[in-house]
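Given next are the chains, with one letter for each unit.
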Amino acid sequence: MTVAVLAVQGAFAEHRAMLEKLGTQVFELRKAEDLERHFDGLVLPGGESTVQGKLLRELGMFRPLQKRIEEGMPVLATCAGLILLAKELSNDTGRYFQTLPVVVKRNAYGRQLGSFFYEGGIKGIGQYPMEFIRAPYIESADKEVSVLAEVEGNIVAVQYKNQLAMSFHPELTKDSRIHKKFMEMI
Ligand code: GLN
């Protein structure tokens, strides 16, 4: 099983390390030619969604990746990755892959003081250490989207078909259960 981690910007190295610890083959997607390699799953890491979106388009990777996701490629998206997948952003004009039918609010906890830790329940996983860094949250989700976690009434993790997305950063903790769940999806 081989997973491609988008590596144009952001916290991709941590995802790579965690997947490798679980015995998964990983390579980084840095340019369009990297898309010619075989992969069974895709990770969209945290970082800055505007920068990632711009680079994806400039590097000619945007449409090919969007097509893969639409065709059912399993995706794990964290933080900025969730923003890239969202159908709608409530407080930003940017739109990216739009494959996940949710409305996302960027920097939803404030820009500067938006980093915090929360231990909360995730459906199918249990109590989980959640690291939030200038995080978005999901304001609303279509009926077919399965809500996996909420923090103070706001949705922070969802699954929809092949897409597993969350506001927080599982790759920054020692807890690999989310990555294991993703491996099971693949
Ligand atoms: N605030 C970032 C954005 O809007 C996301 C933060 C993150 O990925 N940690 O893209």
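Just above sits the structure.
Below, the structure is looked at part by part. (Residues numbered from 1 in each chain as written. Predicted model: local features only at pLDDT ≥ 70, side-chain atom pairs only at ≥ 80, totals over all residues. Heavy atoms only, no water.)

**Topic: the environment of H179**
For H179, the position within the fold is in helix α5 (residues 177–185). Between the C-alpha atoms of H179 and E20, which are 159 residues apart in sequence, the distance is 10 Å. With near-sequence residues (within four places) excluded, H179 lies in contact with H15, M18, L19, L22, L76, P170 and E171. (Helix = DSSP H or I, 4+ residues; strand = E, 2+ residues; numbered from the N terminus. Contact = heavy atoms within 4.5 Å.)

**Details of the layout of surface pockets**
When its volume is computed, the largest pocket comes out at roughly 160 Å³. Lining the largest pocket we find 16 residues, and of these G47, E48, C79, I133 and R134 sit closest to its centre. Grouping the constituent residues of the lining of the largest pocket by class yields seven nonpolar, six polar and three charged. (1 Å grid on protein atoms, 1.4 Å probe; cavity = no way out; pocket = protein on both sides within 12 Å on 5 of 7 lines; lining within 4 Å. Points joined across faces, edges and corners; volume = space filled by probe spheres on them. Nonpolar A, V, L, I, M, F, W, Y, C, P; charged D, E, K, R; others polar.)

**A short note on the nonpolar core**
Judged by nonpolar contacts, the single largest core of 34 residues is most densely connected at L29, L42, L65, L85 and F97. In this structure, L65 is in contact with L6, L29, L35, F39, L42, L56 and F97, ignoring residues within four places of it in sequence. Counting residues in each nonpolar core, the second largest holds 28 residues, with A7, V26, I125 and A135 among its members. (Core = buried A, V, L, I, M, F, W, Y, C linked by side-chain atoms within 4.5 Å. Buried < 20%, exposed > 50% of the residue type's maximum accessible area, 1.4 Å probe, protein only.)

**Comments concerning the packing of aromatic side chains**
Under the defined criterion, the tally for this structure stands at eight aromatic pairs. Between F27 and F39, the ring centres sit 5.9 Å apart and the planes meet at 75°, which makes this aromatic pair edge-to-face. With a gap of 12 residues between them, F27 in strand β2 (residues 25–29) and F39 in the loop between β2 and β3 (41–44) connect regions that are remote in the sequence. We note that F27, like F39, is buried. (Phe/Tyr/Trp six-rings, centres within 6.5 Å; stacked < 30°, edge-to-face > 60°.)

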